[in-house]
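Structure at a glance
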Amino acid sequence: MITFYFNGSPNPTKVALFLEEAGLPYEPVAVDTRKGEQFAPDFLKLNPNGKVPVIVDDGTVVFDSNAILLYLADKTGRFSAPAHERGALLSWLMFVATGIGPFSGQAVHFRHFAPEKVAYANDRYQFEVKRHYGVLERHLAGREWMVGDAYGIVDMAVWGWARMLPFVLGEGAFDAFPNLKRHTDAIASRPAAAKAIALKDRFPFKAEMDAEARGHMFKHLTPVA
């Protein structure tokens, strides 16, 4: 039984997608980041960086969503790639890990949550998000999946963030990325994707982004005593 520490944000959701696709038994443990539960001492022992997701698999702890996807693919032999495509799988998975995820997250922050509207910061991250998703758009031209001919962990990693593109860039964002939209819709239509998204609804996560939540989510706003 895998213990899965999660919330409903993009990175845990792509891990939930793998767990559901593979039919792996798992126990979900909600970590409410708006209540600061990611900084509880017991959780920090699992991930010193204080972020979800984390899995514990028979004593083995793995954190970071992309590392978890790779670990689970290697463990199960599913949703990976043959040896001759391993380089492409690792390259595109790291592209998501170092580009798509971080730039999308910062774009969301400066677009929706920054207490001060900083035009330069907003413009930079909006530009970089469009550039990164443009790389995906061109790669997906004429191909169904990210690596080879089979659906795999890179597709799951992309979907975790791409499904949120209207929130990242604004309504109509997919108009500029038809290949990415086709890819996102194909994954969203899978039963496992619906289950992955619905997982959060089984738990009473804090919905309000109030002063308490901002204090936990954006530590740089909290004065250090």
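Residues numbered from 1 in each chain as written. Predicted model: local features only at pLDDT ≥ 70, side-chain atom pairs only at ≥ 80, totals over all residues. Heavy atoms only, no water.

The name given to the protein chain in an unreviewed UniProt entry is Glutathione S-transferase family protein, and the organism recorded there is Methylobacterium currus.

Considerations on the UniProt feature "domain: GST N-terminal" (unreviewed entry) in the protein chain
Here the UniProt-annotated "domain: GST N-terminal" (unreviewed entry) positions come out as residues 1-80. Along residues 1-80, the helical share is 39% and the strand share 22%, with 21 Å between the first and last C-alpha atoms. (UniProt positions renumbered as here; feature names shortened; annotations may be inferred. Helix = DSSP H or I, 4+ residues; strand = E, 2+ residues; numbered from the N terminus.)

Let's talk about the layout of surface pockets
In this structure, the largest pocket spans a volume of roughly 1600 Å³. Around the largest pocket, the lining is made up of 44 residues, and of these Ser9, Pro10, Lys51, Trp161 and Met217 lie nearest the centre. The element that contributes the greatest number of residues to the lining of the largest pocket is helix 4 (residues 86-113), accounting for 9 residues. Domain assignment of the residues forming the lining of the largest pocket places at least three in each of domain 1 (2-78 + 195-221) and domain 2 (83-189). (1 Å grid on protein atoms, 1.4 Å probe; cavity = no way out; pocket = protein on both sides within 12 Å on 5 of 7 lines; lining within 4 Å. Points joined across faces, edges and corners; volume = space filled by probe spheres on them. Domains from an automatic or database assignment.)

Digging into the packing of aromatic side chains
According to the stated counting rule, one finds 14 aromatic pairs in the structure shown. Relative to Phe79, the ring of Phe18 lies with its centre 5.4 Å away and its plane at 75 degrees, an arrangement referred to as edge-to-face. Taken together, the positions of Phe18 in helix 1 (residues 10-22) and Phe79 in the loop between helix 3 (65-76) and helix 4 put the pair 61 residues apart, joining distant regions of the chain. For the pair formed by Phe18 and Phe79, the shared burial category is buried. When the ring of Trp145 is compared with that of Tyr151, the centres are 5.1 Å apart and the planes differ by 45 degrees; the resulting orientation is tilted. In this structure Trp145 comes out as buried when scored by relative accessible area, which is 7%. Taken together through their ring pairs, the aromatic side chains of Phe4, Phe6, Tyr26, Phe203 and Phe205 make up a single cluster. One Lys or Arg, Arg163, reaches over the ring of Trp159 and ends 5.2 Å from the middle of that ring. One cation-aromatic arrangement involves Lys219 over Phe39; the distance from NZ or CZ to the ring centre is 4.6 Å. (Phe/Tyr/Trp six-rings, centres within 6.5 Å; stacked < 30°, edge-to-face > 60°. Buried < 20%, exposed > 50% of the residue type's maximum accessible area, 1.4 Å probe, protein only. Lys NZ or Arg CZ within 6 Å of the ring centre and 35° of its normal.)

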